[in-house]
Protein chains: 2
Amino acid sequence: MGKVLTSRKENYAQWYQDLVLKAGLAENSAVRGCMVIKPYGYAIWEKMQAVLDGMFKETGHSNACFPLLIPKSFFSKEASHVEGFAKECAVVTHYRLKNAPDGSGIIVDETAKLEEELIIRPTSETIIWNTYKGWIQSYRDLPILINQWANVMRWEMRTRLFLRTAEFLWQEGHTAHATAEEAMEETARMLNVYATFAEKYLAIPVYTGAKTASERFAGAVETYCIEALMQDGKSLQAGTSHFLGQNFAKAFDVKFTGKDGRLDYVWATSWGVSTRLIGALVMAHSDDDGLILPPLMAPVQVIIVPIYKTDEQQKQVYDAADKICAELKAKKIIAQVDKRDTQTPGWKFAEHELKGVPVRIAIGPRDLENQTVEVARRDTKEKSIYQLTDLALKIEHLLDHIQDNIYKKALNFRDSKTASADTYDEFKRLLDDEGGFILAHWDGTAETEAKIKDETKATIRCIPDNARHEEGKCIISGKPSHRRVLFARAY
Amino acid sequence: MGKVLTSRKENYAQWYQDLVLKAGLAENSAVRGCMVIKPYGYAIWEKMQAVLDGMFKETGHSNACFPLLIPKSFFSKEASHVEGFAKECAVVTHYRLKNAPDGSGIIVDETAKLEEELIIRPTSETIIWNTYKGWIQSYRDLPILINQWANVMRWEMRTRLFLRTAEFLWQEGHTAHATAEEAMEETARMLNVYATFAEKYLAIPVYTGAKTASERFAGAVETYCIEALMQDGKSLQAGTSHFLGQNFAKAFDVKFTGKDGRLDYVWATSWGVSTRLIGALVMAHSDDDGLILPPLMAPVQVIIVPIYKTDEQQKQVYDAADKICAELKAKKIIAQVDKRDTQTPGWKFAEHELKGVPVRIAIGPRDLENQTVEVARRDTKEKSIYQLTDLALKIEHLLDHIQDNIYKKALNFRDSKTASADTYDEFKRLLDDEGGFILAHWDGTAETEAKIKDETKATIRCIPDNARHEEGKCIISGKPSHRRVLFARAY
C-alpha cells in the first residue's frame, strides 16, 4: 500500500477529498449533493453522538422526533427565517407515482398533487414551535428542553463531503422558557457544551463568541458559535447556539400564563452541530499519510498486527496477540487483532495509518522471546519497545497522552496562527501570508464588514466572548472601536 | 387524576389512541399522517434502539447512512419493487421557493424544477444496491453487513399513531453475500434476533415463519416475519427479514468474481423493525389504567413518591427517598424521586400508573418509623410492605420477576388464543368468537387465500417455521395440504 493521498502542500482540498474517500469515511451518492456515510465514517459519528447525547441529558434535555416535512405556509410565518432558507428547499409536491400510459416507465401521478407543498426540513424551528403551541399553557409547562437527532436538507449548489452537503445529519436542540434570562442562560450553556466537546473529545481548540448581524441564523436575535482552525489556515464554524427571543413564539402565537397571571410570549433557543464535525476532525489533525484520530473519537483505538513466517510462529503470535487484546478490552480500550492472511504486515501498517488508528502494536517471534512488543503512535509516528509487563496499563496511559498531545498540537498551531492587525495593509498581509485568525478593530457596521469580505474573502467569525475592552480604530473606516473582533477566511 | 382512558372493552381502538396521547408517547402533527414522537415515547424507542443495535453489532453488522432521496428511475429497475411502492411515494420535484411576484407569499420557484424527480425513501434497497455496485468486485469484498437507522416515508391513506404512519423511524439491514446459502442463513439469523428481542425485551411472544407469495416484500424471494398477538385478538407483524435472492443485484448489475474466477450476481438480504414496535408494546400489555411496560423497556423503572404533611416530615422523607434512589441507581436501576410539590401523592400514583412505571415505592413518616416502604407493582397492582434492609436487591429481583410475569401473561394469552380449525365454519366461528390465531389447512393457492381474506378479513400471517408435517384438507377447497398455516385478522 503506497502513498495514496495528494499531499496537503500540493493541494489541500484534494488531500481532504482523497482522505475522506480512501479512509472509507464517505463518498458521493447518485443523488446530487447527498453523501453516503460509510461504516468507518459513521462509527465516528456514533462516537460523537454518544458523547453529545450524554452531555445533553446531563444538562436536562430529552430527545424527541418531529416530522421530516414542513408545510410551506409554516416557513412564511417568521419573515427572516423564510428569507434565509427559501432558496435551498427541497419541495414535495406529489404523493404517488404511476405507470406511464404509453408504457415508457414510471411517472408522477399528476392527480396526486398536494394541496399545499411540503418542504423537507432544512431546520425544524417552525414545525416544532407549531407543536409547542399545543404543549404550553402556563409557566408550569416550562421549560421545555428537547433535542432531536435528525437528517436535514439544504439544497446547496457547491457541496463537499461532510463540510457542505445537501443532506446532512445533525442534532437540533429546541428549548422554550418563561424568561429571556433563562433562554440566554440556556444559549450560553449549550455553546459551552459544544466548546467542551470540541476541546475535550475532538481535541480541537475553539474560539467562542457572538456572530455579527449579517452572519446570524435566520430568525435568531443572537447567534453564538464555536470556530475552529483547520490546517490550511481557514476557520470552520463547528457549532452554533441561538437565542431566538420571542420571534418564533410570536410567529406561531405561543403564549403562556406567568406566575403573576399575565400572558406573555415564550422565549426560545435552538442549537446544533452536524456531521460537519467529522470534516473538522479530519482537517484539524490529519497528515499526508492519513487520518490522525484522537483516541476518544477513534472507532478502533489499538490495532495489533501479528508478524510470523511459519505456521507454528503464527499460532504462538496469534495466542499472544489475543491475550494482549483481551487485556486491553478489559480496560475498555477498543482493540482488534488484524488476522487477515491476504495482506502483508507492511500493507496493514499503511492501512491502519491511513485510517488513523492511534496506537499500533506489532508482535512477532522475536518479541515473544524477549517478552516485548513494538508500539507505534500514529500522532508522532514514534516507535518504542514495550515490555509485556503491565502493557494494558501503559497503553491506557499512552492513549491519554496521545489525546492530550493532539489537542496541544492543534492549540499551538491555532495560537501561532492568531495575530492582531492594526491596519488594513497588515490585515491583508497576514491573511495572505499566514492565514489563520486575525484580531482587528471594526466599526460595527455591515458596510465595513461587507467591504472586507468582498476585498479579502475574510469574514468576522465572531465577536469573542472574552474580548477585553480596548479602544482602537476600525482598520477600514478609522472610526472608533472598543474591542477587537475575530476575522478569518472560512469554510 | 381520574380515569382518562376509554376502556378496552368499550372501544379498543379508542383506548389505544387515548393511551398513546395521554401517556405522552406521541401525537399527530400538522403534516397529514406524520406523528410527533414525544420524549416519553422516544425514550422507549431509544431503549429499543440500544438493545437492537447491540444485537446487530454482536452479529457482525456496522451502521452506515445512505441518502434520504432516491432517483425515480432507480425504482423502476426492480419490477415488483416499484409495483409495491409506487402508489405511496412522496415526490420531490423542485429545489427552491421564492416570493410570489404579487406579494401574496412564498411559492414554488418553477425555474428550479428537477430534471429527474426524487422519491423520499420508502425503503432503501435501490439506492443501497446502486451504491454496493461500486463496493463489490470480488468475493473478498463480501459479505457486506450493514444496518441503517433512518426515517422512511410511505404515503398511507389511513394512519394510526405508531401502527401506520406516513413517516416512521426504523432500522433496515442490507447485506450482500457470495452464496445463496449464506444469504439464507443471514435472513434466518436476523429473524431470530428479532424474535429474541421481542420475547426477551418486549416480553411479547411471537410466531415466526415465512409469508405467502401475496404477502411478500416487494422484490423479495422469501419474506420471514415475527407475528405478535394484541389483546383484541388481532395479529401484528412486528418485524420482517427478507431473502432477496439476486433480484436487486440483477436490477443494479452487481456482480462479483468468485474464488473460482467465475462472475456471478451477488445474493442479498434486508430486514427491518420500526417504531411500530412501540404500538405493539402498548397494545400487548397495557390495561384500562394505562401502560404496562416491561422493566427492560421502561424509561423509568422505579418511581419513588414521598408522602408528608409538615416541612420537617418532608425533609426526612426526601432524605430517605434520595438514599433509596441512590441505592437503586448503584444497581443500574433507573429510579427517580417525584418531588413535584404541585401534585398530591394520589395524583402522582395515577400518573405513574398511566405511564406504566413498573414499580412504585411510596414512603411516608410511618414508614420511616417502621423502617419500611410500600412497594406497588404496576403489572399486578399488588402492594406489599418491604423492609428497608437490602431493599435495592429485592427491587432488582422484583423487576426481573415483573419482566418474566408480563411475558408469561402474554404467552398464556397468546396460547389460549391459538386454535386449530378443520372446517371453514369452525374457522369463521373461532375468528368471530375468539379472535387470535387459527391453524388451518390451506391448498397453497392465492385464490383460496384471497377468498378467505375477502370473506373473513383474516390473512395468512405465516407458514410457521416449526409447522410439522400433517396431512389434511384445505378448509375451503378440500384439496390436500401437508401442514397447517397460521391465520389471523391483523393490523
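Residues numbered from 1 in each chain as written. Chains lettered and ligands numbered in written order. Predicted model: local features only at pLDDT ≥ 70, side-chain atom pairs only at ≥ 80, totals over all residues.

K.L.:
What is the right way to look at the overall build of chain A in this model?
P.N.:
Within chain A one finds 14 helices and 27 strands. Referenced to the eigenvectors of the C-alpha coordinate spread, the extents of chain A come out at roughly 80 × 70 × 55 Å. Within the span of chain A, comprising 491 residues, buried residues form 48% of the whole. At a minimum sequence separation of 6, the contacts of chain A that also span at least 24 residues come to 67%. (Helix = DSSP H or I, 4+ residues; strand = E, 2+ residues; numbered from the N terminus. Buried ≥ 20, exposed ≤ 12 C-beta atoms within 10 Å, placed from the backbone. Contact = placed C-beta atoms within 7 Å.)

K.L.:
When you look at unusual backbone geometry in this model, what are you seeing that I'm missing?
P.N.:
Trans peptide bonds make up most of the peptide bonds, and negative phi angles are found at most residues other than glycine. Omega for the peptide link from A:Leu142 to A:Pro143 comes to -5°, which places this bond in the cis form. By secondary structure assignment, the location of A:Pro143 is in the loop between α5 (125–135) and β9 (144–153). You will see that B:Phe162, though not glycine, has its phi angle at about 70°, which is positive. Of note, B:Phe162 is situated in the loop between β9 (144–153) and β10 (167–177). Residue B:Phe162 is classed as buried on the basis of its C-beta count, with 25 C-beta atoms lying within 10 Å.

K.L.:
What's the story with the interface of chain B and chain A in this structure? I'm lost.
P.N.:
When the parts come together, some accessible area is lost, and that loss is often what is quoted as the size of the interface. Each side of the interface is counted separately: chain B has 53 residues, and chain A has 53 residues. Of the residues that constitute the side of chain B that touches chain A, the class distribution is 33 nonpolar, 11 polar and 9 charged. When strand β5 (residues 91–94) of chain A meets strand β5 (residues 91–94) of chain B, the two strands line up antiparallel, connected through 3 bridges. Pairing of A:Val92 across the sheet is with B:Val92, part of β5(B). (Nonpolar A, V, L, I, M, F, W, Y, C, P; charged D, E, K, R; others polar. Pairing = 2+ DSSP bridges.)

K.L.:
What's the story with the pairing of strand β27 (residues 484–489) of chain A in this structure? I'm lost.
P.N.:
Two faces belong to every sheet, and in a regular strand the side chains alternate between them. All names here are of chain A. The element β27 is extensively covered by neighbouring structure, given that 6 of its 6 residues are classed as buried. Because side chains alternate across β27, one face comprises the buried residues Arg484, Leu486 and Ala488, and the other comprises Val485, Phe487 and Arg489, equally buried. Alignment of strand β23 (residues 437–441) against β27, held across 4 bridges, turns out to be antiparallel. When the bridges of β27 are listed, His441 appears paired with Arg484. Here strand β24 (residues 458–464) runs beside β27; their pairing, made up of 4 bridges, is antiparallel. The residue of β27 that forms the bridge with Cys462 is Leu486.

K.L.:
Mind showing me how you'd approach the pairing of β5(B) here?
P.N.:
One ladder, built from 3 bridges, connects β5(B) with strand β8 (residues 113–120) of chain B; its direction is antiparallel. Its bridge partner lying in β8(B), B:Val92 is registered against B:Leu118.

K.L.:
Please explain the domain arrangement of chain A as it appears in this structure.
P.N.:
All names here are of chain A. Examined at the domain level, chain A breaks down into domain 1 (12–71 + 123–285), domain 2 (300–397) and domain 3 (420–489). Taken together, the 16 residues of domain 1 in the interface contact 16 residues of domain 3. Listed by contribution, the elements that provide at least two residues to the side of domain 1 that touches domain 3 are β11 (206–210) and β12 (222–229). Ranked by residue count, the leading element in the side of domain 1 that touches domain 3 is β11, at 4 residues. Along the lines of polarity and charge, the residues of the side of domain 1 that touches domain 3 split into 5 nonpolar, 6 polar and 5 charged. (Domains from an automatic or database assignment.)

K.L.:
Looking at this model, I keep getting lost on the relation of the copies chain B and chain A. Mind explaining?
P.N.:
The operation relating chain B to chain A is a screw motion whose rotation component is 180°, with 0.0 Å of axial translation and a residual RMSD of 0.0 Å. Each copy turns onto its partner about a two-fold axis. No C-alpha of chain B lies nearer the rotation axis than that of B:Val92, which sits 2.1 Å from it. (Least-squares fit on C-alpha atoms with pLDDT ≥ 70 in both.)

K.L.:
Teacher, can you tell me more about helix α5 (residues 125–135) of chain B here?
P.N.:
Residues three or four positions apart in an α-helix share a direction because the helix packs 3.6 residues into each turn. Counting buried residues in α5(B) gives 8 out of 11 residues, a clear majority hidden from the surface. Those residues of α5(B) that fall on the buried side of the exposure criterion are B:Glu125, B:Thr126, B:Ile127, B:Ile128, B:Trp129, B:Asn130, B:Thr131 and B:Tyr132.

K.L.:
For this particular structure, what's the right way to read the sheet that holds β5(B)?
P.N.:
Within a sheet, adjacent strands bond to each other through the backbone by hydrogen bonds, running parallel or antiparallel. Strand order across the open sheet formed by 6 strands is β4(A)-β8(A)-β5(A)-β5(B)-β8(B)-β4(B), with antiparallel pairing between neighbours. With partners counted over all chains shown, the strands left at the sheet margins are β4 (69–71) of chain A together with β4 (69–71) of chain B, one partner each. Across the sheet, the axes of successive neighbouring strands diverge by a mean angle of 45°, strand direction being ignored. (Axes fitted to C-alpha atoms, helices over the stretch in contact; angles between N-to-C directions.)

K.L.:
Would you mind going over the sheet that holds strand β11 (residues 206–210) of chain B with me for this structure?
P.N.:
All names here are of chain B. Pairing in this open sheet of 11 strands is mixed, and the strands run β3-β9-β10-β16-β13-β12-β11-β24-β27-β23-β22 from one edge to the other. Only two strands of the sheet have a single neighbouring strand rather than two, namely β3 (62–63) and β22 (418–420). In this sheet, β10 lies alongside β9 in antiparallel orientation, the contact comprising 10 bridges. Each residue of the ladder has a partner; that of Gln148, found in β10, is Glu172. Its contacts with the sheet place helix α6 (residues 180–200) against β10, β11, β12 (222–229), β13 (235–245) and β16 (267–274), and it is angled at close to 165° to β13.

K.L.:
It is not clear to me how helix α13 (residues 424–433) of chain B should be interpreted in this structure. Could you clarify?
P.N.:
All names here are of chain B. Buried residues of α13: Phe427, Leu430 and Leu431, and no others. Each buried residue of α13 lies within a common arc of 100° when the element is viewed along its axis, so the set occupies one face. Of the exposed residues in α13, those oriented more than 90 degrees away from the buried face are Asp425, Arg429, Asp432 and Asp433. Contacts from the buried residues of α13 go to β22, β23 (437–441) and α14 (446–456). One or two steps after α13, the chain reaches Gly435, where phi turns positive at roughly 65°. (Arc of directions from axis to C-beta.)

K.L.:
Sorry, what's going on with the packing of helix α9 (residues 311–330) of chain B against helix α12 (residues 391–416) of chain B here?
P.N.:
The relative placement of two packed helices comes down to the angle between their axes together with the axis-to-axis distance. Residues and elements named next belong to chain B. Following both chains from N to C, one finds α9 and α12 inclined at 55°, their axes separated by 9 Å at the closest point. Considering the angle they form, α9 stands oblique to α12. Judged by the sense of rotation from one axis to the other, the crossing of α9 with α12 is right-handed. Taken together, the residues of α12 that come into contact with α9 (itself represented by Ile324, Glu327, Leu328 and Ala330) are Leu391, Ala392 and Ile395. Of the residues in the contact of α9 with α12, the class split is 6 nonpolar, no polar and 1 charged. (Parallel < 35°, antiparallel > 145°, perpendicular 65-115°, else oblique. Left-handed = near helix turned anticlockwise from the far one by under 90°.)

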